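Structure at a glance
As a plain string of letters, each chain reads:
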Amino acid sequence: MKRFLSVLLMFAIGMGMLAGCSGEGGTSEELSAAKVGERIQQTVSFQDMKQRDLEKLQKLYQIEAEKVENFILYTASSNVKADELAVIKVKDASDTENVKEKIQQRIEAQTIKFKDYRPEEYFLIEKHVLKTKGQFVLFAVSKEVDQIESVFDEALK
């Protein structure tokens, strides 16, 4: 009986160790851009924004589709607003800097577009967040950019 309990205990310890090594704890490897977006949406309203597709992602940022594992993209419903949110998960973390550079080009274009035309929207563009963490790239233009950044950071801890 002792031998059986001993074997059972060793089995339970071994299974526990395997479970601990399985990566089942919210790591960025299993996290998708959609899951990060859902967390952001629990804090920030996307009410005045439209969800966009891969075609729009490519049009706005010229990012090659084969480099993107998954993404979410929201832009303002009106072209007189600068609000924008993109969470992009690239297939290879080495592509994050390239994606950041492409988004930077979008920021520059939006800056020119809004600078003299809509100063309050220009201010939002100037206060944007563009950052990377692992395979993820966050780009946010919003009045609530601080909350968006905080949720993004928390999701990728």
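For every chain, the first residue of its written sequence is number 1, and the numbers climb from 1 along that sequence. Only residues with pLDDT of 70 or above have their local features reported here, since the model is predicted, and side-chain atom pairs are shown and tallied only from 80 upward, although totals for entire chains, interfaces and linings are computed over all residues. Excluded from the side-chain calculation are hydrogens and water; included are all heavy atoms of the structure.

With that out of the way, let us pick up the pattern of salt bridges. A pair is scored as a salt bridge if a Lys or Arg side-chain nitrogen falls within 4 Å of a carboxyl oxygen belonging to Asp or Glu. Taken as a whole and judged by the stated rule, the model has 9 salt bridges. Ionic pairing is found between Lys67 and Glu64, a salt bridge with its closest N-O pair at 3.9 Å. Per-residue accessibility, obtained with a 1.4 Å probe over protein chains only, is compared with the maximum for each type, and a residue is labelled buried under 20%, exposed over 50%, and partly exposed between these values. With a relative accessible area of 22%, Lys67 lands in the partly exposed category. Two residues, Arg106 and Glu84, come together in a salt bridge whose shortest N-O distance is 2.8 Å. Highlighted residues: Arg106 in helix H4 (residues 96–115) and Glu84 in strand S3 (residues 84–90), separated in sequence by 22 residues. By relative accessible area, which is 16% here, Arg106 ends up buried. The secondary structure listing takes helices from DSSP runs of H or I that are at least 4 residues long and strands from runs of E that are at least 2 residues long, numbered from the N terminus.

Below, the discussion takes up the packing of H4 against helix H5 (residues 119–126). Throughout, an axis means a line fitted to C-alpha atoms (over the contacting stretch in the case of helices), and angles, computed between N-to-C directions, take values from 0 to 180 degrees. Across the interface, H4 lies against H5 with an axial gap of 8 Å and an inter-helix angle of 160°. With respect to each other, H4 and H5 are oriented roughly antiparallel. The element H4 and its partner H5 pack so that their crossing is left-handed. Where H4 abuts H5, its residues Ile107, Gln110, Thr111, Phe114 and Lys115 lie against Pro119, Glu121, Tyr122, Ile125 and Glu126. In this classification, the charged set is Asp, Glu, Lys and Arg, the nonpolar set is Ala, Val, Leu, Ile, Met, Phe, Trp, Tyr, Cys and Pro, and all remaining amino acids, among them Gly, are polar. Of the residues belonging to the contact of H4 with H5, the class tally is 5 nonpolar, 2 polar and 3 charged. Here roughly perpendicular refers to angles of 65 to 115 degrees, roughly parallel to angles under 35, roughly antiparallel to angles over 145, and oblique to all remaining angles. Two helices cross in a left-handed way if the nearer one is turned anticlockwise from the farther one by less than a right angle. They cross in a right-handed way if the turn is clockwise. When checking whether two residues touch, look at their non-hydrogen atoms; a contact exists if any pair is within 4.5 Å.

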